[in-house]
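Take a look at the letters that make up each chain.
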Amino acid sequence: MVQNVAPVMAELEPEDFHLLSGIEQGMRFSEWVQREKIPEFSRLTAEDVEYRLDRCMDRELIERKTIQYEGYTLTFEGYDALALHTFAQRETIDGVGSPLGVGKESDVYEARSYRPLALKFHREGYTNFREVMREREYTADREHVSWQYTARKAAEREYDALETLYPDVSVPQPIDHNRHAVVMERMDGVELSKARLDPEQARSLLEMVLREIQTAYQEGYVHADISEYNVFVASDGITIFDWPQAVPTDHENSDELLERDIDNIVGYFRRKYPGQMPEQTDIEGISRAIRDDDFESLRAFGGK
């Protein structure tokens, strides 16, 4: 998606962004924005709107649909363009580089800047909108929920969690966010699922992950979706990433989600390194040690 947007960014004029922003404003009320209302939302004349609609349609930044009226909506490319434009105005990034990872709910790219950064675009709600509507709490109290709103809220939640946890927890340093996009420190290393570890190091690495989960809990968050796919392993330690679904520790389901996180990560190590892990693991005991900030008891659970 971003690969399609980056080449046309230099072609877009300020009025094009006024149009895109106007349609974005109108989408707070309905999925398809009535053409006659776009001048009000965008603060452009009717003549200028007509010209800008054609320009943005040609660049696949918006879509048109005739229902009971002629309506327009942003494509994700259009939403990407608005976020990129804001980052450029803030001088957060200079450009977009190669993909670092493309998944069901997010796309991550290299970000050109004064230091190695990563640019993450949340895609929640775009391809699996009904599923996200069921699972994400922040969609429950709104009459009209668009995929832009769902993706933006996911980005906001992730950025808030990273701001709270960094640097006490080993998470990517948050740099900036806008709409559905988050700029963060680029991580080194490989996913835990792909890491080639010395089996004898497995217990110490599991202990490191549990320690980060414990510190995150003491800082007020449960990851709520931790697995071998969102832990990076590097020569100098680990980094836990992907925090949009994180919940505060005072959440009614935080204890259940904490135990699920522990069960997921301990289960992975037991499957991959069965000779280095205890045959039985007290998940409730580990969870209790984490909640009580009892590191010595936590270390004991990692023993064979």
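The chain goes by non-specific serine/threonine protein kinase in an unreviewed UniProt entry, where it is assigned to Halapricum desulfuricans. UniProt lists a comment for the chain under the heading Cofactor (unreviewed entry), and it reads "Mg(2+)". UniProt's Sequence similarities (unreviewed entry) comment on the chain is quoted here verbatim: "Belongs to the protein kinase superfamily. RIO-type Ser/Thr kinase family."

> Now, about the domain arrangement of the chain: what can you tell me, with residues and values included?
A common way to state how big an interface is: give the accessible area lost once the parts meet. Examined at the domain level, the chain breaks down into domain 1 (5-185) and domain 2 (190-300). The distance between the C-alpha centroids of domain 1 and domain 2 comes to 32 Å. Contacts between the two partners involve 18 residues from domain 1, matched on the other side by 16 residues from domain 2. For the pair domain 1 and domain 2, the summed buried surface comes to about 1,400 Å²; carbon and sulfur atoms form 56% of the total.

> Tell me about the packing of helix α2 (residues 14-26) against helix α5 (residues 76-90), and name the residues and values.
One way to put it is that α2 packs onto α5 with a least axis distance of 10 Å and a crossing angle of 115°. For the crossing formed where α2 meets α5, the hand is left-handed. Facing F17, L20, S21 and E24 of α2, the residues of α5 in contact are G78, Y79, A81, L82 and H85. Residues belonging to the contact of α2 with α5 are distributed by class as follows: 5 nonpolar, 3 polar and 1 charged.

About the cut-offs
Residues numbered from 1 in each chain as written. Predicted model: local features only at pLDDT ≥ 70, side-chain atom pairs only at ≥ 80, totals over all residues. Heavy atoms only, no water. UniProt positions renumbered as here; feature names shortened; annotations may be inferred. Domains from an automatic or database assignment. Contact = heavy atoms within 4.5 Å. Buried area = accessible area lost by both parts, 1.4 Å probe. Axes fitted to C-alpha atoms, helices over the stretch in contact; angles between N-to-C directions. Helix = DSSP H or I, 4+ residues; strand = E, 2+ residues; numbered from the N terminus. Left-handed = near helix turned anticlockwise from the far one by under 90°. Nonpolar A, V, L, I, M, F, W, Y, C, P; charged D, E, K, R; others polar.

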